[in-house]
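Here is what each chain is made of, one letter per residue.
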Amino acid sequence: MDKELSLTLLLLLLLCHKGTSLPQTSCPHTCQCFNSFQILCADERMSSLPRNLSRQVKDLIVIKSAVAYLFPDTLEESPQLTKLVFLSNALRSIHSQSFQHLTELQELEISGNPWLEHLFLGTFSQQRNLTKLLLNFNRLKTVLPGMFDSLKELETLHMKGNLISDLPEFLFLNLHNLRVLDLSINKLEDIKRKTFSGLARLEILKINNNLISNLTSDLFHNMSQLVELHLEGNKISELANDIFFVFTKLKVLNLRGNLLTTFSDKVFGFSAPNLKELNLKCNRLTELSSLSSLTSLTDLIVSSNQLSDLREDVFRNVTTLENLDLSENQLTLLPEGIFHDLVSIKAIHLHKNNLSKVDAKLFEDQVLIQQLYLSDNQLESLPYGLFEPFLIQHTVRLHGNPWKCDCHMWYLHDWVLRNSQEVEMLDRMQCSSPSFLRRRAIISINKDQLVCEVSKYDVPDVGGCSLQASGDTVIMNCKVDRCSPLTVKVQFQEDNGRMIEHFLQKEPECSNETMFEIPEE
């Protein structure tokens, strides 16, 4: 059963237990009366609806009953009802005149009936005040032309989780007030443009988990008021240029779980100036076009694709971006300025990529970041100062990388020790090399264990040199030929770029081994 439907059932049953019931003498058998106008009936043995309801009752909710058929006279004694809900019942058939007396009805739900396959023409002909109609998770196979013609006040229509494969043209022609339409989890393959005629005020459209493979720009030609468009779980492989041109008020666009490999930067152009959420997760994107026209975007999800690199200007002008998810791709390198000017960013997810190196200035504008995930990449070290721009408390994930625990780890080691409360799964942040530190948690290692070794320097008359770092001292050990002179030049570059040089000269003394100690400045 759908999670949304299960949650609804749970909440209603909890309400049943917590509600203050009326005396049983005034409440139908097997039902609970929360007050004089609301009744809930939840009994698997109940095969017919209660009769002789008080005329004060406005809401009737029936859950998990054995009611299989609704006849013309089933509800004729309750014309005052404004809300009628059937959830997870055994309904098999609803007579076309079952609701003919319910002219005051404003909300009707018939959901979760696994044997309900058809609705007859005229079933809703008298519900001229209906604003909400939910027909979810039944087994409806067809919707007849004219089925909704009388519902001129309808604002919300859900038909998700059925077996509908085709929608008649002009099906929604008279639904001029419709604002939410959910057709998700059906078997729709092709939708004709005229199907949506009349939906000039539609705000939310969901056509998820169907078999739609082709979208044309004229499909949405009269939906200029649309605020949310959900197309996830289809087979869309291409987006035509300017396909979203009409959606000047669109705020949410969900294309998750399709077959997109790329799209032109003309797909959006300047057609979606108010778009705030764009979900492209679980497609097959190998490149990401510039999104610079989406100047109101706050949430961008491009995870679980096949991106190996990104253009430096891909996010240019998207300065309102707050949440960016690039995880589970194949990124190996990020341009230094890719996040330039993204000063509002709160979360950047880069986990499960192939990053082996990041630039020291990559996050220099992300002063307000709260969440940074770099876990499960190929990072061996991080550059000095990478995390210094962050001004507020933040959460970082760094585990799952092949950390090389040598002298290049000093900055990260110090930062982790100072900020251990901000690193999630710190015990899983372990050394991959050298061998004597492998699988050791970085936080458990002393700084003087982080040393670098270099051998076989190509220096005249020098057979081999090695470098060792311990604390603030670098030790160079060189083996030289007898009586050979040797000059060592050491350069230190300060933050302002000034270079300081030091020279050490060995006079010929016919010694087999000479050791120089060079303090770091």
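Residues numbered from 1 in each chain as written. Predicted model: local features only at pLDDT ≥ 70, side-chain atom pairs only at ≥ 80, totals over all residues. Heavy atoms only, no water.

## Overview of the environment of R284
To be explicit about the condition: Only DSSP runs of H or I covering at least 4 residues are called helices, and only runs of E covering at least 2 are called strands; the numbering of each starts at the N terminus. Residue contacts are counted whenever heavy atoms from the two residues lie within 4.5 Å of one another.
Here R284 is to be found in the loop between β14 (277–279) and β15 (299–301). In this structure, the C-alpha to C-alpha distance between R284 and T262, residues 22 residues apart in sequence, is 7.9 Å. In this view, R284 contacts L259, L260, T261, N305 and Q306; residues no more than four positions away in its chain are not counted.

## Remarks on the nonpolar core
Condition: Here the nonpolar core consists of buried residues drawn from Ala, Val, Leu, Ile, Met, Phe, Trp, Tyr and Cys, with membership extended through side-chain atoms lying within 4.5 Å. Think of it in three bands: with a 1.4 Å probe and only protein chains considered, a residue is buried below 20% of the maximum accessible area for its type, exposed above 50%, and partly exposed in between.
By size, the foremost hydrophobic cluster in this structure holds 132 residues, and its most contacted members are F148, F196, F268, L288, F315 and F387. At the level of elements, β1 (31–35), β2 (38–41), β3 (59–63), β5 (83–87), β7 (107–111) and α2 (410–418) are the ones that each hand at least two residues to this core. By residue number, the principal contributor to this core is α2, which donates five residues. In this structure, F315 is in contact with L288, L291, L300, L324, L326, I338, F339 and L342, ignoring residues within four places of it in sequence.

## A short note on the pairing of β3
Here is the rule: Two strands pair if DSSP finds at least two bridges between them.
Counting buried positions along β3 yields five of five residues, so the element is predominantly enclosed. Where burial is concerned, the two faces of β3 agree: the one with D59, I61 and I63 and the one with L60 and V62 are both buried. With four bridges joining them, β2 and β3 adopt parallel strand pairing. The partner of Q38 across the bridge, within β3, is D59. Examined bridge by bridge, β3 and β5 share five bridges and lie parallel to one another. Its bridge partner being in β5, I63 is matched across the sheet by L87.

## A closer look at the packing of aromatic side chains
The condition is simple: Planes of paired rings set the category: under 30 degrees apart is stacked, over 60 is edge-to-face and the rest tilted, where pairs are Phe, Tyr or Trp rings (Trp by its six-membered ring) whose centres lie within 6.5 Å.
Applying the stated rule across the entire model yields 11 aromatic pairs. For the pair F124 and F148, a centre-to-centre distance of 6.4 Å together with 20° between the ring planes defines the contact as stacked. Note that F124 is positioned in the loop between β7 and β8 (132–134) and F148 in the loop between β8 and β9 (156–158), a separation of 24 residues in sequence. Given the relative accessible area of 0%, F124 is considered buried.

## Remarks on the side chain of D325
Under the convention used in this document: When charges are counted, neither His nor the chain ends are considered; positive counts come from Lys and Arg and negative counts from Asp and Glu. For salt bridges, the criterion is a side-chain nitrogen of Lys or Arg within 4 Å of an Asp or Glu carboxyl oxygen. What qualifies as a polar contact is a pair of N or O atoms within 3.5 Å, subject to a donor-acceptor requirement within protein and to the restriction that residues adjacent in sequence count only when both atoms come from side chains.
Note that D325 resides in strand β16 (residues 323–325). Buried D325, no salt bridge; nearest opposite-charge side chain is K281, N-O distance 5.9 Å. Polar side-chain contacts of D325 include one of 2.7 Å to the side chain of S327. When residues no more than four places from it in sequence are discounted, the contact partners of D325 are L300, I301, V302, S303 and H349.

## Topic: the state of the cysteines
Note the threshold: Note that a disulfide, as used here, is simply two cysteine sulfur atoms within 2.5 Å.
Throughout the structure, instances matching the rule amount to four disulfides. In this model C27 forms its disulfide with C33; the gap between the sulfur atoms is 2.0 Å. Given an S-S torsion of about 90°, the disulfide between C27 and C33 has right-handed geometry. Comparing C27 with C33, the two get one shared label, buried. Sulfur-sulfur distance for the disulfide between C405 and C431 comes to 1.9 Å. A torsion of -95° about the S-S bond marks the disulfide between C405 and C431 as left-handed. One end of the pair, C405, is in the loop between β20 (403–404) and α2; the other, C431, is in strand β22 (residues 431–433), and 26 residues separate them in sequence.

## Considering the pairing of β5
Of all five residues that make up β5, four are buried, and the element is covered over most of its length. Taken together, the five bridges between β5 and β7 define a ladder with parallel strand orientation. Looking at the pairing, V85 lines up with E109 of β7.

## With respect to the side chain of S111
Here S111 is to be found in strand β7. Within polar-contact distance, the side chain of S111 engages the backbone nitrogen of N136 at 3.2 Å.

## Some thoughts on unusual backbone geometry
Looking along the chain, the bond that leaves S433 and enters P434 is cis, with omega of -5°. Counting through the fold element by element, P434 comes out in the loop between β22 and β23 (462–470). Here S304, not a glycine, exhibits a phi torsion of approximately 60°, which is positive. S304 gets classed as buried once you look at its relative accessible area, which sits at 17%. Here D341, not a glycine, exhibits a phi torsion of approximately 75°, which is positive. Tracing the sequence through the fold places D341 in the loop between β16 and β17 (347–349).

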